[in-house]
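# A structural walkthrough
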Amino acid sequence: MRLNKYIAHCGIASRRKADELIVNGNVKINGAVMKELGYDVSDEDVVEVNGSVAKPDAKLVYVMLNKPKGYITSLSDEKDRPVVTELLTDITERVYPVGRLDYNTSGMLLLTNDGDLANRLTHPKHHIYKTYRAKISGILSNERVARLRKGVDIGGFVTSPAIVNVIKQGERNAVVEIKIAEGKNRQVRKMFAAVGNKVLELERTAIGELYMGRLMEGHYRKLTQKEIEYLKNC
Ligand code: URA
């Protein structure tokens, strides 16, 4: 099996992240640094990633978490902030977040040790819509809605068409549902900023047709087999 795939199967990183680990010299085969992405790992090889021996996880685990604000979606943080995996108190497998949500964003986060699925869900070519509910400052005029729907420049990148629905427009702020198929860093916040509105609260409510439903903030559950099949084929 190719080295990057092997590392993804170990639940250490997505295939793309595995590529970075390999190129950066963090991976050793039988004690020697290996920088060939396509190295064919044999049964006898001992693979080390960041100094720890990596073995493929036997059991693939898929978790949906309703991430609260105030948690980061990495496995560790140099600022010692709480990390999402601390919430998964009875998951013994080493799972990692699929994509990321900002520290101050709440809502649906998937975690898995299935590197292939993680890769599929985060790769832009699959165009999987993620749904967000945003509370924003000010008024979202029809003209601004039209600009968000068409695509806006968020600093050197023009976003693809988004699906935008104003759920409630008050005097000072609005609640808006926005669906985007890309995952640029802080994309939703930047999109609203580009049309002149500040995001006050942001929650992800769905990934594709997978909805969070009644899962309470800070709680998690394993995905059903049907949900896993849906994600593998969407
Ligand atoms: N867009 C954002 O701005 N933040 C997130 O956490 C997710 C999408």
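The residue numbers shown here count from 1 along each chain, following its written sequence. The model is predicted, so local features are restricted to residues of pLDDT at least 70 and side-chain atom pairs to those at 80 or more, both for listing and for counting; the totals for chains, interfaces and linings are taken over all residues. Derived side-chain values reflect all non-hydrogen atoms in the structure, with water molecules and hydrogen atoms excluded from consideration.

## A closer look at the overall build of the protein
Numbering of helices and strands runs from the N terminus; a helix is a DSSP stretch of H or I covering at least four residues, while a strand is a stretch of E covering at least two. Scanning the protein from terminus to terminus reveals six helices and 13 strands. C-alpha atoms define the radius of gyration in this analysis, and the globule rule sets the expected value at 2.2 Å times the number of residues to the power 0.38. Over its C-alpha atoms the protein spans a radius of gyration of 19 Å, differing by no more than 12% from the 17 Å that the globule rule assigns to 234 residues. Three labels apply to residues, based on accessible area from a 1.4 Å probe with only protein chains included: buried if under 20% of the type maximum, exposed if over 50%, partly exposed otherwise in between. Looking at the protein as a whole, 46% of its 234 residues are labelled buried. For this analysis, residues touch if any pair of their heavy atoms sits within 4.5 Å. In the protein, of all internal contacts separated by at least 6 residues, the share reaching a separation of at least 24 is 63%. For the protein, the computed accessible surface area is about 12600 Å², with 48% contributed by carbon and sulfur atoms. All accessible-area figures derive from a Shrake-Rupley calculation using a 1.4 Å probe, and residue coverage is judged against the displayed protein chains alone.

## Let's talk about the pairing of strand S8 (residues 130-137)
The pairing criterion for strands is at least two bridges between them, as found by DSSP. Of the strand pairs in this sheet, S8 and strand S10 (residues 173-180) are connected by eight bridges, and their pairing is antiparallel. Pairing of Ala134 across the sheet is with Val176, part of S10. Note: S8 against strand S11 (residues 199-207), seven bridges, orientation antiparallel. From the neighbouring strand, Thr131 faces S11, where its bridge partner is Ala206.

## Focus on the sheet that holds strand S4 (residues 52-53)
In spatial order, the strands read S2-S1-S3-S4; together these four strands make up an open sheet with antiparallel pairing. Only two strands of the sheet have a single partner each, and these edge strands are strand S2 (32-33) and S4. By the bridge criterion, two bridges tie strand S1 (residues 27-29) to S2 in an arrangement that is antiparallel. When the sheet's bridge partners are listed, Ile29 is paired in S2 with Ala32.

## A closer look at the environment of Asp19
Along the chain, Asp19 turns up in helix H2 (residues 15-23). Taking relative accessible area as the criterion, Asp19 reaches 21% and is therefore assigned partly exposed. Each C-alpha atom of the pair Asp19 and Asn4 lies 5.8 Å from the other, and the pair is 15 residues apart in sequence.

## Topic: the environment of Ile7
Here Ile7 lies in helix H1 (residues 3-9). In sequence terms Ile7 and Asp19 are 12 residues apart; their C-alpha atoms lie 9.1 Å from each other. Setting aside anything within four residues of it in sequence, one finds Ile7 in contact with Ile12, Ala13, Ala18, Ile22, Val27 and Val49.

## Concerning the site of the ligand
Working definition: residue near molecule or strand if any one of its non-hydrogen atoms lies within 4 Å of it. Around the ligand, a shell composed of Leu101, Asp102, Thr105, Tyr132, Arg186, Gln187, Val188, Arg189 and Leu202 is seen. Between an oxygen atom of the ligand and a side-chain N or O atom of Thr105, the distance comes to 2.9 Å. For the ligand, whose accessible area on its own is 230 Å², the fraction buried by protein is 95%. The biggest single contributor to the shell around the ligand is helix H5 (residues 187-195), with three residues. Ten residues, namely Ala, Val, Leu, Ile, Met, Phe, Trp, Tyr, Cys and Pro, are considered nonpolar, four, namely Asp, Glu, Lys and Arg, are considered charged, and the remaining ones, Gly among them, are considered polar. Residues of the shell around the ligand, tallied by class, amount to four nonpolar, two polar and three charged. We call two N or O atoms a polar contact when they sit within 3.5 Å, provided that within protein one can donate a hydrogen and the other can accept it, with sequence-adjacent residues counted only if both atoms are side-chain atoms.

## Regarding the domain arrangement of the protein
Each assigned domain of the protein is listed here: domain 1 (3-53), domain 2 (62-124 + 215-233) and domain 3 (129-207). The C-alpha centroid of domain 3 is placed 39 Å from the C-alpha centroid of domain 1. An automatic or database domain assignment provides the domain bounds reported here.

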